[in-house]
Amino acid sequence: MIVASNSCLSCLIPPWTIRSNSGQISTSRRASASQITITESNSLVQQTNKRRCKCYDMYKEAVPFAEAWAWQKSIVEERKSLIDRNEDDLDTLIVLQHQPVYTLGTASSENNLNFDIKDPPLPIYQTERGGEVTYHGPGQLLLYPIMNLRFQKMDLHWYLRALEEVVIRVLFSTFSLKASRVEGLTGVWVGDKKLAAIGIRVSKWLTYHGLALNVSTDLSPFSGIIPCGIKDLGVGSIKELLRGSSRPSSTSSDHDDGDGKLIDIAHESLLKEFCEVFQLELCHQSVSILRYPDK
Amino acid sequence: MALRIWASSTANALRLSSATRLHFSPLSRCFSSGNLHSYPSNSPSLCSFLKFRRQNRNLTYALVSIAVLDGLKYANSHEWVKHEGSVATIGITDHAQDHLGEVVFVELPDIGGSVTKANGFGAVESVKATSDVNSPISGEIVEVNTNLKETPGLINSSPYEAGWMIKVKPSNPSELEALMGPKEYTKFCEEEDGAH
């Protein structure tokens, strides 16, 4: 059973301040050859000896959901064996888009589908993540961090807030969009529109699945579902918000070269803020390792 | 730090014989419900420990009492086992349910399947996160708590009684010996909370 460990002191300090490699809040000064000054101030974070994280970056590709799901599960099994032998020391991040698909979480209700589950308009998958039904498709960037929370903070609530923090920072720093959390509703909102959905699975403190950010997503497939089981609030995208909400939701006919640029910018910002929030250094890996594991 | 020392000495001074809810009024605000559970007066004595639980994202805290029952064994992944005769009942602890928050879904295995010590047999979902539940012992599943399908919140309201998850016929009773007793588990929880 994974539980959240709450510490009075560490909860009072936002977890996205300085962390040492051990994941503990560090207030000490370290002397080393590559001198790094660690202070308690956010703004003075310098380059540190950050924990490394393998990154499989396919952000321009629309990968079939089943394929990416299989990759995650395979990595999770491998990491669990390492954890059992006390040899796990590198986290993993997969970045990609998906071909159009609906996915359900463990508790997902068919009541949140506006179609017969036996005759879905798109492929539909029942997954082992938390959260309700959602849509994935081109124009939406997905981050699948496979994180050993022992390296960070053994607290599921903290992890979910940290994932939200990544997106909130991206939206503000790069797009000047003021995003927020809604108490009791995991995800990232701009006004009454949800821009990012989050749902995870945890096993032996190892997390997988992750977050989906609507950048230039065609939002019309969301009308086939009650997204995340929330009836009264809508779904938005960065593109829609930047253009102004008076325009109708983007459809595939609105696709233009600007979408590609928007994805590029959002992707770069997502990786930057992910590294900042989790204090990681990405080590880019060839995606052929995932596609052809036996080679 | 002063608050932690106070809580620790209060815990020692107030060694409780039944689970109660303590309010620390200067701090508590928006005290969420759903965590109160009482044990009948003839239940086995229990120890408990006090901890601060964050109430909401505004970082207010409430002092809550976490129940750890005598007569049970505990795994370091926060499951409990009650061995009675040839059957062992398994569930997750009060500490675990407190950290999870409201449980909205419970995934249980089929009767007749088997469980292996330290491996997952089911899952609980809360806060958009679904977490594995691991079995503290190995054996054959003889019963599952089907009430949890309709009322997953039983895990929150009654983690040691109505919120039990599976019953197992242990295949290796010596595995029970390796588990923690209530005092060890209490200490384990306090240390784990203190470390993060």
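Residues numbered from 1 in each chain as written. Chains lettered and ligands numbered in written order. Predicted model: local features only at pLDDT ≥ 70, side-chain atom pairs only at ≥ 80, totals over all residues. Heavy atoms only, no water.

Colleague: Account for the overall build of chain B, naming residues and giving values.
Modeller: A tally of regular secondary structure across chain B gives 6 helices and 11 strands. Here chain B, with 196 residues, has 52% of them falling under the buried criterion. Put simply, of all contacts in chain B between residues at least 6 apart along the chain, 63% involve residues at least 24 apart. On chain B, roughly 8800 Å² of surface is accessible, and the fraction owed to carbon and sulfur atoms is 52%. (Helix = DSSP H or I, 4+ residues; strand = E, 2+ residues; numbered from the N terminus. Buried < 20%, exposed > 50% of the residue type's maximum accessible area, 1.4 Å probe, protein only. Contact = heavy atoms within 4.5 Å. Areas by Shrake-Rupley, 256 points an atom, 1.4 Å probe, with all protein chains shown as cover.)

Colleague: Give a description of empty space enclosed by the protein that names residues and reports values.
Modeller: Residue and element names in this part refer to chain A. Evaluated as defined, the whole model comprises 7 cavities of 30 Å³ or more. One number sums up the size of the largest cavity: a volume of about 150 Å³. Contributing to the lining of the largest cavity are 18 residues, with Arg129, Thr134, His136, Ile198 and Gly199 lying nearest its centre. Only strand 5 (134-136), strand 6 (140-148), strand 9 (193-203) and strand 10 (206-214) provide two or more residues apiece to the lining of the largest cavity. By residue class, the composition of the lining of the largest cavity is 8 nonpolar, 7 polar and 3 charged. (1 Å grid on protein atoms, 1.4 Å probe; cavity = no way out; pocket = protein on both sides within 12 Å on 5 of 7 lines; lining within 4 Å. Points joined across faces, edges and corners; volume = space filled by probe spheres on them. Nonpolar A, V, L, I, M, F, W, Y, C, P; charged D, E, K, R; others polar.)

Colleague: Any chance you could break down the environment of Gly260 of chain A for me, citing the residues and the numbers?
Modeller: Note on placement: Gly260 of chain A falls in helix 5 (residues 257-278). Once the C-alpha coordinates of Gly260 of chain A and Pro100 of chain A are considered, the two residues, 160 residues apart in sequence, prove to be 17 Å apart.

Colleague: So what about the nonpolar core? Which residues, and what values?
Modeller: Leu93, Leu171, Leu213, Phe274 and Phe278 of chain A together with Val124 and Met165 of chain B are the most contacted members of the largest nonpolar core, which totals 73 residues. Among the elements that line this core, the one with the most residues is helix 3 (residues 156-175) of chain A, at 12 residues. Apart from the residues lying within four places of it in its own chain, the contact partners of Leu171 of chain A are Ser176, Leu177, Ala179, Val188, Val190, Leu195, Leu213 and Ile238 of chain A. (Core = buried A, V, L, I, M, F, W, Y, C linked by side-chain atoms within 4.5 Å.)

Colleague: An account of helix 3 of chain A is requested, with residue identities and associated values reported.
Modeller: Residue and element names in this part refer to chain A. Relative to the 28 Å expected for 20 residues at 1.5 Å per residue, helix 3 spans 28 Å between its end C-alpha atoms, a close match to the ideal helical length. Taken across its 20 residues, helix 3 has 16 buried, putting it largely inside the fold. One or two steps after helix 3, the chain reaches Ser176, where phi turns positive at roughly 55°. (Expected span 1.5 Å × (residues − 1).)

Colleague: I'd like a rundown of helix 2 (residues 65-84) of chain A, residues and numbers included.
Modeller: For an α-helix, 3.6 residues make a turn, and residues three or four places apart therefore share a direction. Residues and elements named next belong to chain A. Helix length check: helix 2, at 20 residues, gives a terminal C-alpha distance of 29 Å against a target of 28 Å (1.5 Å per residue), a fit within 8%. Buried within helix 2 are the following residues: Phe65, Ala68, Trp69, Trp71, Gln72, Ile75, Val76, Arg79, Lys80 and Ile83. The positive-phi residue at the C-terminal boundary of helix 2 is Asn86, with phi of around 60°.

Colleague: Help me get a handle on the pairing of strand 9 of chain A, residues and values and all.
Modeller: In terms of burial, strand 9 of chain A is largely enclosed, as 10 of its 11 residues are buried. In terms of strand pairing, strand 8 (residues 185-190) of chain A meets strand 9 of chain A through 3 bridges, oriented antiparallel. Bridged to Trp189 of chain A within strand 9 of chain A is Lys194 of chain A. Hairpin connection of strand 8 of chain A to strand 9 of chain A: 2 residues between the antiparallel strands, including Gly191 of chain A at a positive phi of 65°. Relative to strand 11 (residues 234-235) of chain A, strand 9 of chain A runs parallel, the two being bridged by 2 bridges. Paired with Lys194 of chain A across the two strands is Val235 of chain A, which belongs to strand 11 of chain A. Here 8 bridges tie strand 9 of chain A to strand 10 of chain A, and the two strands are oriented antiparallel to one another. Each residue of the ladder has a partner; that of Ile198 of chain A, found in strand 10 of chain A, is Leu211 of chain A. Hairpin geometry of strand 9 of chain A and strand 10 of chain A is characterised by an intervening segment of 2 residues between the two adjacent antiparallel strands and by a positive phi of about 50° at Lys204 of chain A. The sheet contact formed by strand 9 of chain A and strand 9 (residues 129-134) of chain B spans 3 bridges and is parallel. (Pairing = 2+ DSSP bridges.)

Colleague: Give a description of the packing of aromatic side chains that names residues and reports values.
Modeller: Across all of its chains, the model carries 12 aromatic pairs over all chains by this definition. Each ring, one from Phe65 of chain A and one from Trp69 of chain A, has its centre 5.6 Å from the other, and the planes form 40°; the classification is tilted. Of this pair, Phe65 of chain A and Trp69 of chain A both sit in helix 2, 4 residues apart, which is roughly one turn of that helix. Pairwise contacts between aromatic rings join Tyr102, Phe115, Tyr135 and Phe222 of chain A into one cluster. Here the guanidinium or amino end of Lys167 of chain B rests over the ring plane of Trp164 of chain B, the centre of that ring lying 4.6 Å away. (Phe/Tyr/Trp six-rings, centres within 6.5 Å; stacked < 30°, edge-to-face > 60°. Lys NZ or Arg CZ within 6 Å of the ring centre and 35° of its normal.)

Colleague: A description of the layout of surface pockets should follow, citing residues and the corresponding values.
Modeller: Once rolled over the atoms, a probe with the size of a water molecule shows which space is left empty. Its volume calculated, the second largest pocket comes out at about 440 Å³. When contributions to the lining of the second largest pocket are tallied by element, the ones reaching two or more residues are helix 2 of chain A together with helix 6 (182-195) of chain B. For the lining of the second largest pocket, the per-class residue count stands at 14 nonpolar, 5 polar and 5 charged.

Colleague: Break down the environment of Asn134 of chain B for me, with residues and values.
Modeller: Among the secondary structure elements, Asn134 of chain B is positioned in strand 9. Between the C-alpha atoms of Asn134 of chain B and Ile90 of chain B, which are 44 residues apart in sequence, the distance is 9.7 Å. Residue contacts for Asn134 of chain B: discarding those within four places in its chain leaves Met1 of chain A together with Ser77, Glu79, Ala118, Asn119, Gly120 and Phe121 of chain B. Engagement of the side chain of Asn134 of chain B in a polar contact is seen with the backbone nitrogen of Gly120 of chain B, the distance being 3.2 Å. (Polar contact = N/O pair within 3.5 Å; in protein donor to acceptor, adjacent residues only side chain to side chain.)

Colleague: Let's hear about the pattern of salt bridges: which residues, and what values?
Modeller: All names here are of chain A. Under the definition given, this model contains 19 salt bridges over all chains. The residue Lys239 makes a salt bridge to Asp259 at a minimum N-O spacing of 2.9 Å. Of this pair, Lys239 sits in helix 4 (residues 238-243) while Asp259 sits in helix 5, and the two are 20 residues apart along the sequence. With respect to class, Lys239 is no different from Asp259; both count as buried. With a shortest N-O distance of 3.7 Å, Glu273 and Lys272 are connected by a salt bridge. Exposure remark for Glu273: the relative accessible area of 6% places this residue in the buried category. We classify Lys272 as exposed; its relative accessible area is 57%. Here the residues in one salt-bridge network are Arg161, Glu164, Glu165, Arg169 and Arg181, joined through shared partners. (Salt bridge = Lys/Arg side-chain N within 4 Å of Asp/Glu carboxyl O.)

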